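Working through the structure, step by step
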Amino acid sequence: MIVGCACLLLAAVCFAIAAQVFVQTGVFAESYAVVGLISAALGLLALTLARVWK
């Protein structure tokens, strides 16, 4: 459960950084977006598994 929340938090931070870089430079930060997507997927998977194991 904690791991899932941490991954979702990391995803939110990565998306925020990518958005900030896009606003400042006009260039989309693909690396941050990819890390954000992976973190979001892992977070959702961890939360789903935590529900199943209860």
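Values in this document were obtained by computation on a predicted structure and should not be read as measured data.

1. Some words on the overall build of the protein
Scanning the protein from N- to C-terminus turns up two helices and zero strands. For 54 residues, the compact-globule formula gives about 10 Å, and the C-alpha radius of gyration of the protein, at 13 Å, lies well above that figure. Dimensions of the protein along its principal axes, counting C-alpha atoms only, are 45 × 15 × 10 Å. Per-residue burial over the protein gives 26% buried out of 54 residues. Restricting to contacts in the protein with at least 6 residues of sequence separation, those with at least 24 account for 62%. In the form shown here, the protein has an accessible surface area of approximately 4,000 Å², with 78% of it arising from carbon and sulfur atoms.

2. A look at helix 2 (residues 30–53)
When the terminal C-alpha atoms of helix 2 are compared, their 34 Å separation across 24 residues agrees well with the 34 Å that a helix rising 1.5 Å per residue should span. Along helix 2, the positions that sit buried rather than exposed are A33, G36, S39, A40, G43, A46, L47 and A50.

3. Focus: the environment of I2
Position of I2 among the secondary structure elements: in helix 1 (residues 2–25). I2 sits twelve residues away from C14 along the chain, and the two C-alpha atoms are 18 Å apart.

4. Brief notes about the side chain of S39
Relative to the assigned elements, S39 resides in helix 2. Here S39 falls in the buried class, since its relative accessible area comes to 6%. For S39, the contacting residues outside a window of four places in its chain are C7, L8, L10 and A11.

5. Some details on the environment of W53
Structurally, W53 can be placed in helix 2. For the pair W53 and V21, spaced 32 residues apart in the sequence, the C-alpha separation amounts to 39 Å.

6. With respect to a nonpolar patch on the surface
Together, V34, I38, L42, L45, L49, V52 and W53 give the surface a local cluster of nonpolar side chains, amounting to about 730 Å² of exposed area. According to the relative accessible area criterion, W53 is exposed, its value standing at 71%.

Calculation notes
Residues numbered from 1 in each chain as written. Predicted model: local features only at pLDDT ≥ 70, side-chain atom pairs only at ≥ 80, totals over all residues. Heavy atoms only, no water. Helix = DSSP H or I, 4+ residues; strand = E, 2+ residues; numbered from the N terminus. Rg over C-alpha atoms; globule rule 2.2 N^0.38 Å. Buried < 20%, exposed > 50% of the residue type's maximum accessible area, 1.4 Å probe, protein only. Contact = heavy atoms within 4.5 Å. Areas by Shrake-Rupley, 256 points an atom, 1.4 Å probe, with all protein chains shown as cover. Expected span 1.5 Å × (residues − 1). Patch = residues over 30% accessible without salt bridge, like charges linked within 9 Å, V, L, I, M, F, W, Y side chains within 5 Å. Salt bridge = Lys/Arg side-chain N within 4 Å of Asp/Glu carboxyl O.

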